[in-house]
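# Commentary on secondary and tertiary structure
The primary structure of each chain is shown beneath.
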Amino acid sequence: MSDSQNRLAARLFQRIFPKTADFYLLLHQQCQQVCITVDNLVRYMNEENPQADEMLKKDEHDADRIRMRNLHELNSSFATPIDREDIYRAIAALDNIVTYCKSTYNEMEALQLNPDDYSKAMVAELQIGIKALEQGFSVLGKRPRDAETHAFAARHSERRVEKMYRKAIAELFQGQDYLDMFKRRELYRHLSNAADRVHATANILEDIIVKLG
């Protein structure tokens, strides 16, 4: 068979049996981008970097680009090593974490809110949770059972955020500055929602682990 015939045969084979994308890698890369966003939100809260707000804006665009790439790979793949629905749910849940982080920043800017001890503590715990997820996705394709410990750690982190949220709300409504109360409630709520998405992603990760056996 000539070289041209070999190339033609290879192209035909690729069309009939297209190469499957490495969804373990793609999900891990998306989770890494979420880690960058959360890290920058921590820096913004603690005023560690004067460019953190600009970095957060860039993060949103980078996260959206990765999300669209992953969805394109999912829609164009003939077969996937993980249940398609689980891949889609993981992509969407990770993207939601970025959305709530950006909403937190937007609310603080729009309402001219400075971070307080509760918001700093909640975002620090959120950082722990997303890093646990990143570790889980990093080993999912090679050692899925090892990812289970990280999924548990991410869920536990969300529970700690919820405890902080309830304590913050209870203390907040003991005061008399009602305008500040409602402003800060929005801030706490966005961080709580971000933590909920961490918990949801951990559950999806656990579902994948169970199905992989």
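Residues numbered from 1 in each chain as written. Predicted model: local features only at pLDDT ≥ 70, side-chain atom pairs only at ≥ 80, totals over all residues. Heavy atoms only, no water.

### Re the environment of L113
Keep this limit in mind: Helix numbering and strand numbering both begin at the N terminus, where a helix is a DSSP run of H or I of at least 4 residues and a strand a DSSP run of E of at least 2. Pairs of residues are marked as contacts when any of their non-hydrogen atoms sit within 4.5 Å.
Looking at the element boundaries, L113 is found in the loop between α4 (84-110) and α5 (117-139). If we ignore the near neighbours within four places in the chain, the residues touching L113 are M108, D180, K183, R184 and L187.

### Considering a nonpolar patch on the surface
What counts is decided by this rule: Residues enter patches when they are more than 30% accessible in relative terms and free of salt bridges; like-charged ones are connected within 9 Å and nonpolar ones (Val, Leu, Ile, Met, Phe, Trp, Tyr) within 5 Å. For the accessible areas, the method is Shrake-Rupley and the probe is 1.4 Å, while residue cover comes only from the protein chains on display. Any carboxyl oxygen of Asp or Glu within 4 Å of a side-chain nitrogen of Lys or Arg constitutes a salt bridge here.
Together, F173, Y178 and F182 give the surface a local cluster of nonpolar side chains, amounting to about 340 Å² of exposed area. In this fold, Y178 is placed in helix α7 (residues 178-212).

### Topic: the confidence of the model for the protein chain
Short version of the rule: Each residue carries a pLDDT score, the predictor's own confidence in it, on a scale running from 0 to 100.
In the predicted model, the protein chain carries a mean pLDDT of 89, and 91% of its residues have values of at least 70. Taken element by element, the protein chain is modelled with least confidence in helix α1 (residues 3-16), mean pLDDT 51, and with most confidence in α5, mean pLDDT 97.

### Details of the packing of aromatic side chains
Here is the rule: Pairing of aromatic rings covers Phe, Tyr and Trp, the last counted by its six-membered ring, and requires centre-to-centre distances within 6.5 Å; plane angles under 30 degrees mean stacked, over 60 mean edge-to-face, and any other angle means tilted. Accessibility here uses a 1.4 Å probe with only protein chains present; expressed as a share of the type maximum, an area under 20% marks a residue as buried, one over 50% as exposed, and anything in between as partly exposed.
If you walk through the whole model with that rule in mind, you get three aromatic pairs. Seen from their ring centres, Y44 and Y105 are 5.1 Å apart, and the 80° between their planes marks the pair as edge-to-face. Of this pair, Y44 sits in helix α2 (residues 23-45) while Y105 sits in helix α4, placing them 61 residues apart in sequence. Classification of Y44 as buried rests on a relative accessible area of 15%. Look at F173 and F182: their rings are 6.1 Å apart centre to centre, the planes differ by 85°, and that puts the pair in the edge-to-face class. Take F173: its relative accessible area is 36%, and that puts it in the partly exposed class. A relative accessible area of 51% means that F182 is categorised as exposed.

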